[in-house]
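In case you want the letters, here they are:
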Amino acid sequence: MRFLSLTLVTTVFMVTSMLQADYSIHLFPVYEGSGDQTKPDIDDDTVVWQGGDTNIYWKTGDAEPNAILVDGLQTDPAVSDGVVVWYDQRDSDRDIYGYDIATDNILIFTEDDGARQRYPDISGPVVVYQDNTSGSYNLLAHPIGGTASAVSPVSTHQLNHAIDGTVVVWMEQVGGVYQVFT
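Since we're looking at a predicted model, the values are computed, not measured.

A.B. asks: Quick rundown of the packing of aromatic side chains? Include the residues and the values.
C.D. replies: In the structure shown here, the tally under the stated rule is seven aromatic pairs. On the basis of an interplanar angle of 40 degrees and a centroid distance of 6.4 Å, the ring pair of W58 and Y99 is categorised as tilted. A residue pair is termed long-range when its members are at least 10 positions apart, and W58 in strand β3 (residues 56-60) and Y99 in strand β7 (residues 93-100) qualify at 41 residues. Each member of the pair, W58 as well as Y99, carries the same accessibility label: buried.

What follows is the structure, given as structure tokens:
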């Protein structure tokens, strides 16, 4: 009976060891610049981040990093399918901008509308961001080349959102506690 018990433990150990050997971790710096390099995002082999100079940078594979240079304070970048989005603060206005890596074109989703849009996320051709036009924080979905529309027009104060494909998740306060919706 003891022999059987020992065999079982050995077998489990060997299976665990084989499962752990299926991958390895390689640590390497994406960019080491002056100042803080923050808020990274990744899609396939494209990495984006906010540089210490408040510009947005992107890098694909082993290539050198590229800066997306526009006026204003850029923050919170996200990337999907070769399009980088961020929110840009100029004066008291916050707007959503984008950059198409393949065409080298700046995309403007919102601009000088007096509202405060921020925290963009992107999946494929759809950008989702928080909009403070009405005094509460609602989420808008904005297809590239299209028009923005409310993700959920019934709810208010939507926070901490994410998008994957055509599904958006967020949290909002209901009955004094935060709940997650999709």
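Here the narrative resumes, following the displayed structure.
A.B. asks: Outline a negative patch on the surface, listing residues and values.
C.D. replies: On the surface, D44, D45, D62 and D81 cluster together into a negatively charged patch. On the secondary structure map, D44 appears in the loop between β1 (38-43) and β2 (46-50). With relative accessibility at 70%, the residue D44 sits in the exposed group.

A.B. asks: So, a nonpolar patch on the surface: which residues are in play, and what are the values?
C.D. replies: A surface patch of nonpolar side chains, amounting to about 280 Å² of accessible area, comprises F28, V30 and Y31. Relative to the helices and strands, F28 resides in the loop between α1 (2-20) and β1. Note on F28: relative accessible area 58%, which makes it exposed.

A.B. asks: Go over the side chain of Q50, please, and point to the residues and values.
C.D. replies: Here Q50 lies in strand β2. On the accessibility criterion, Q50 (10% relative accessible area) is buried. A distance of 2.6 Å separates a polar atom in the side chain of Q50 from a polar atom in the side chain of T75. Beyond its immediate stretch of four places on either side in the chain, Q50 contacts D36, Q37, T38, K39, N55, I56, Q74, T75, D76 and P77.

A.B. asks: With reference to specific residues and values, describe the pairing of strand β15 (residues 177-181).
C.D. replies: Side chains on a regular strand alternate between the two faces of the sheet. For strand β14 (residues 167-174) and β15, the ladder comprises five bridges, and the chain directions are antiparallel. Note that in β15 the partner of W170 across the bridge is F181. In this antiparallel pair of consecutive strands, β14 and β15, the connection spans two residues, and G175 shows a positive phi of 60 degrees.

A.B. asks: Just give me the short version of the confidence of the model for the protein chain, but keep the residues and values in it.
C.D. replies: Parts of the model with low pLDDT should not have their predicted coordinates read in detail. Put simply, the protein chain has an average pLDDT of 84, and 86% of its residues get 70 or more. Put simply, α1 is where the protein chain has its lowest mean pLDDT, 44, and β2 is where it has its highest, 96.

A.B. asks: Could you give me a rundown of the sheet that holds β14, with the residues and numbers involved?
C.D. replies: Spatially, the three strands line up as an open sheet ordered β13-β14-β15, and their pairing is antiparallel. Because the sheet does not close on itself, it has two edges, and the strands there are β13 (158-164) and β15. Sheet twist, expressed as the mean angle between neighbouring strand axes with direction ignored, is 15 degrees. Relative to β14, β13 runs antiparallel, the two sharing five bridges. Its bridge partner lying in β14, A162 is registered against V169.

Parameters at a glance
- Per-chain numbering applies: the sequence of each chain, read as written, is numbered from 1 onward.
- Under the rules for a predicted model, residues below a pLDDT of 70 receive no local features and side-chain atom pairs below 80 are neither given nor counted, while totals for whole chains, interfaces and linings still include all residues.
- Note: side-chain values were computed over all heavy atoms of the structure, leaving out hydrogens and water.
- Ring geometry is summarised as follows: Phe, Tyr and Trp rings, the Trp one being its six-membered ring, pair when their centres sit within 6.5 Å, and such pairs are stacked at plane angles under 30 degrees, edge-to-face over 60 and tilted between the two.
- Helix and strand assignments follow DSSP, with helices taken as H or I runs no shorter than four residues and strands as E runs no shorter than two, numbered in order from the N terminus.
- Under the scheme applied here, a residue whose accessible area is under 20% of the maximum for its type counts as buried, over 50% as exposed, and between as partly exposed, the area being computed with a 1.4 Å probe on protein chains only.
- Patch membership needs two things, relative accessible area over 30% and no salt bridge, and members are linked within 9 Å if like-charged or within 5 Å if nonpolar (Val, Leu, Ile, Met, Phe, Trp, Tyr).
- Using a 1.4 Å probe, accessible areas were evaluated by the Shrake-Rupley method; residue-level cover was limited to the displayed protein chains.
- Within this document, salt bridges are pairs made up of a side-chain nitrogen of Lys or Arg and a carboxyl oxygen of Asp or Glu, the two lying within 4 Å of each other.
- His is not counted, nor are the chain ends, whereas Lys and Arg count as positive and Asp and Glu as negative.
- In this description, the location of a charge corresponds to atom NZ of lysine, CZ of arginine, CG of aspartate or CD of glutamate.
- In the analysis that follows, any N or O atom pair within 3.5 Å is treated as a polar contact, provided that within protein one partner can donate a hydrogen and the other can accept it, and provided that, for residues neighboring in sequence, both atoms belong to side chains.
- In this description, contact between two residues means that some pair of their heavy atoms is separated by no more than 4.5 Å.
- Each pair of strands is called paired provided DSSP finds at least two bridges between the two strands.
- As a per-residue measure, pLDDT tells how confident the predictor is, with possible values from 0 to 100.
- Axes here refer to lines fitted to C-alpha atoms; in helices the fit is confined to the stretch in contact. Angles between the N-to-C directions go from 0 to 180 degrees.

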